[in-house]
Amino acid sequence: MRDILFAPPAALSPTELTAIAAGIYDLQPLAFFGHLRLQHSMGLSGVRQFLWAASFSSTSVLLAVLLLRRRAASLSAFTFLIAFYVAKTLVLFSLAVHFSIRSRPYALTYWSLSYVDDAIQFAVFYELVKQVFCPTGVWARDARRAFQWLVAASILLALGLAMLASPPTARWYETYLLRSNFFVSVLESGLFVGIMVLSSTVGLPWKTHAARVAQGFGACALTSMVLEGTRNYFGLGPGQRAYGVVAYIETVIYIGCMGFWIVSLWQEAPAPRELPDAMLMQIYTLQRRVENDLVRIRNWRRS
Amino acid sequence: MNLRSLLFVVLVGLVFAGLTAVVVRYALRTRRSSQATWEEILARLAHLDREKIAAIALDAIDDSGRQNFMLEPDAIWSMLGGMEGLELLEKNCQVLIELTTYVQRWHPEALVVAEQLRLNAREIEWHVGRLKGAASTGNLQSAFADYAQRAAATYYLMTRHVLELYEQVSFPELAQLKQAI
């Protein structure tokens, strides 16, 4: 999930361009709540104010749901990611107030946190994979191999498409930023779609909280891939409005995703009927016996 | 628009369309599967003579682990119903897996059994695939007994283990399942 919302003006210095393109989204939710000085200096429209306020509010509500409904224990990485989003907005806002959003500290902090954001998202992915594929704490053997293929294929696909992109930009780091965002969105699309396919194939429950989080990520990643692709096609050239339009759409999708998670995580997941320990042991014994029987069958030799 | 940009747009469009199609297909499949009743799953089970399957399996290896191999290849062919019978057996494997994942809806621990059944089903697919290959090269007769008997024995074990799983979770329709498989 990317969170940039701004059509960068053409006549800005590299630092300004990067800082504004990067930071405006994170600032505005708070600017909306009373910091009119910033709001005035950025010339914000009513739609933008609403979108930013809605995105910050929905993120905060989701964090509250995760904590109040005690989902944080089973979705610790996801809770951490949502808390990180809230904290990031607060930190960036403080920096903007003290240094301005066109300052170097602001730009450096924004981009550093963006990479931390990506790292946490991959941690969330691993957490979901473990919950979906290892509900008993043991990896399904065939699912594990398929999962390894999925990761490799997603990386190759994302790398190939990112290398093919040639966004019209004025500076090398703009190209790098656009490409790296696109790479992450394609990679996440592949991974989350892969989770859906694998969990459907192995018949794993699809209404658990972990599955709902994965569905939200999948939908966001897929649309993000198209939007980042659009950004890479149009680039950051002078007079380009595509960047801003894409940011609007992205924010609407982000808010929709937050809404989906708030509703899904507020509700209780269908409770599995837990087997008594003795019965659980019987099932594991059964599996071992099946394996032993199959070894015998594989070793047949017809005389 | 230069060639590289055009290629980029086309590829991104194709990847997006492909991934979306995959998501829709599997989401529908998951929905159908999660809404299917036990009776609907059971109804998909093709009729196979379980006595004959058991006889073929136990001819190769009985409960005490002894190998007999008394049945002639012609008898195995006739008891299984030739390649058609084997193909039915292959299809039934999928139903057995669904019957296990049905239990998994309430008892996630059944995952380990479902996983094992999936591996068994793949093994049977492999045996049937080898036989189809042999049929296309005219070597079906020599290969049939070996591969078909392995497939039948693996299938037989699958049915036994599905029944045991249902017994362990005290599934109410166990008797009906025993009749069917």
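Definitions and limits used
Residues numbered from 1 in each chain as written. Chains lettered and ligands numbered in written order. Predicted model: local features only at pLDDT ≥ 70, side-chain atom pairs only at ≥ 80, totals over all residues. Heavy atoms only, no water. Helix = DSSP H or I, 4+ residues; strand = E, 2+ residues; numbered from the N terminus. Buried < 20%, exposed > 50% of the residue type's maximum accessible area, 1.4 Å probe, protein only. Contact = heavy atoms within 4.5 Å. Areas by Shrake-Rupley, 256 points an atom, 1.4 Å probe, with all protein chains shown as cover. Polar contact = N/O pair within 3.5 Å; in protein donor to acceptor, adjacent residues only side chain to side chain. Phe/Tyr/Trp six-rings, centres within 6.5 Å; stacked < 30°, edge-to-face > 60°. Lys NZ or Arg CZ within 6 Å of the ring centre and 35° of its normal. Core = buried A, V, L, I, M, F, W, Y, C linked by side-chain atoms within 4.5 Å. Expected span 1.5 Å × (residues − 1). Disulfide = S-S within 2.5 Å. Axes fitted to C-alpha atoms, helices over the stretch in contact; angles between N-to-C directions. Parallel < 35°, antiparallel > 145°, perpendicular 65-115°, else oblique. Left-handed = near helix turned anticlockwise from the far one by under 90°. Nonpolar A, V, L, I, M, F, W, Y, C, P; charged D, E, K, R; others polar.

### As for the overall build of chain B
Helix and strand counts for chain B come out as eight helices and zero strands. Beginning at the N terminus, the succession of helices and strands in chain B can be written as α-α-α-α-α-α-α-α. Per-residue burial over chain B gives 49% buried out of 181 residues. Taking all contacts inside chain B whose residues are at least 6 apart in sequence as the whole, residues at least 24 apart take part in 70%.

### Re the overall build of chain A
Helix and strand content of chain A: ten helices and zero strands. Counting from the amino terminus, chain A carries its helices and strands in the arrangement α-α-α-α-α-α-α-α-α-α. In chain A, which comprises 303 residues, the share counted as buried stands at 55%. Per element, the accessible surface of chain A, about 13,200 Å² overall, is 66% carbon and sulfur.

### Side note on helix H3 (residues 50–60) of chain B
Residue and element names in this part refer to chain B. All buried positions along H3 are accounted for by Ile 53, Ala 54, Ile 56, Ala 57, Asp 59 and Ala 60. In this structure, the buried side of H3 is in contact with helix H4 (73–80), helix H5 (82–104) and helix H7 (140–168). Two or three places before Glu 51, at the start of H3, stands the capping residue Asp 49, its side-chain oxygen 3.0 Å from that residue's backbone nitrogen.

### A closer look at the packing of aromatic side chains
All names here are of chain A. This model, assessed by the stated rule, comprises twelve aromatic pairs over all chains. Ring centres 6.3 Å apart and planes at 50 degrees place the aromatic pair Phe 84 and Tyr 85 in the tilted group. With relative accessibility at 11%, the residue Phe 84 sits in the buried group. For Tyr 85, a relative accessible area of 5% translates into the label buried. Aromatic pair Phe 217 and Trp 261: ring centres 5.1 Å apart, planes at 55 degrees, arrangement tilted. Taken together, the residues span a long stretch of sequence, with Phe 217 in helix H8 (residues 209–234) and Trp 261 in helix H9 (residues 242–266) at a distance of 44 residues. Here the two residues Phe 217 and Trp 261 agree in accessibility, since each one is buried. A network of ring pairs unites the aromatic residues Phe 78, Phe 125, Phe 192, Phe 217 and Trp 261 as a single cluster. Over the ring of Trp 266 we find Arg 69; its NZ or CZ atom is 4.5 Å from the centre of that ring.

### Section: the environment of Leu42(B)
Residues and elements named next belong to chain B. Structurally, the position occupied by Leu 42 is in helix H2 (residues 38–43). When the C-alpha atoms of Leu 42 and Leu 96 are compared, they prove to be 8.8 Å apart, with 54 residues separating the residues in sequence. In contact with Leu 42, not counting residues within four places along its chain, are Leu 99, Gln 176, Leu 177 and Ala 180.

### Let's talk about the nonpolar core
Membership of the largest hydrophobic core comes to 57 residues, with the highest contact counts inside it found for Leu62(A), Phe78(A), Leu128(A), Phe217(A), Trp261(A) and Leu265(A). For this core, the secondary-structure elements that each account for two or more residues are helix H3 (46–68), helix H4 (76–99), helix H5 (104–133), helix H6 (141–164), helix H7 (172–201), H8 and H9 of chain A together with helix H1 (3–35) of chain B. Leave out the neighbours within four places in its chain, and Phe78(A) touches Leu62(A), Leu66(A), Val124(A), Glu127(A), Val213(A), Phe217(A), Trp261(A) and Leu265(A). Core analysis: the next-biggest nonpolar cluster, separate from the first, contains 51 residues, Ile56(B), Ala134(B), Phe144(B) and Leu174(B) among them.

### Regarding H8(A)
Owing to its 3.6 residues per turn, the α-helix aligns residues three or four sequence positions apart on the same side. Over its 26 residues, H8(A) extends 37 Å from the first C-alpha to the last, a length consistent with the 38 Å expected when each residue adds 1.5 Å. Of all 26 residues in H8(A), 19 are buried, a share of seventy percent or more.

### Comments concerning the side chain of Thr100(B)
Residue and element names in this part refer to chain B. Inspection of the secondary structure assignment puts Thr 100 in helix H5. Relative accessible area serves as the criterion here: at 0%, Thr 100 is assigned to the buried category. Setting aside residues up to four positions removed in sequence, Thr 100 forms contacts with Ala 110, Val 113, Ala 114, Leu 117, Val 162, Leu 165 and Tyr 166.

### Topic: the side chain of Asp59(B)
Among the structural elements, Asp59(B) can be located in helix H3. Overall, Asp59(B) belongs to the buried group, its relative accessible area being 6%.

### A few points about the state of the cysteines
Here a disulfide denotes a covalent bond joining the sulfur atom of one cysteine to the sulfur atom of another. Residue and element names in this part refer to chain A. Counted by the stated rule, this structure contains zero disulfides over all chains. We note that Cys 220 lacks a disulfide partner, and the nearest cysteine sulfur, in Cys 257, lies 3.1 Å from it. Judged by relative accessible area, which is 6%, Cys 257 ranks as buried.

### A closer look at the packing of H3(B) against H4(B)
All names here are of chain B. Two elements in contact, H3 and H4, have axes whose closest approach is 9 Å; the angle formed by their N-to-C orientations is 150 degrees. As summarised for this structure, H3 and H4 are arranged roughly antiparallel, according to the angle between their axes. For H3 against H4, the interelement crossing comes out left-handed. Together, Lys 52, Ile 53, Ala 55 and Ile 56 of H3 and Ile 76, Met 79 and Leu 80 of H4 make up the contact between the two elements. Taken together, the residues of the contact of H3 with H4 break down into six nonpolar, no polar and one charged.

### Things to note about the environment of Ala43(B)
Residue and element names in this part refer to chain B. In this structure, Ala 43 sits in helix H2. Looking at Ala 43, the relative accessible area reads 63%, which means it is exposed. C-alpha of Ala 43 to C-alpha of Val 95: the two residues are 52 residues apart in sequence and 9.2 Å apart in space.

Read these as geometric descriptors, not functional statements.
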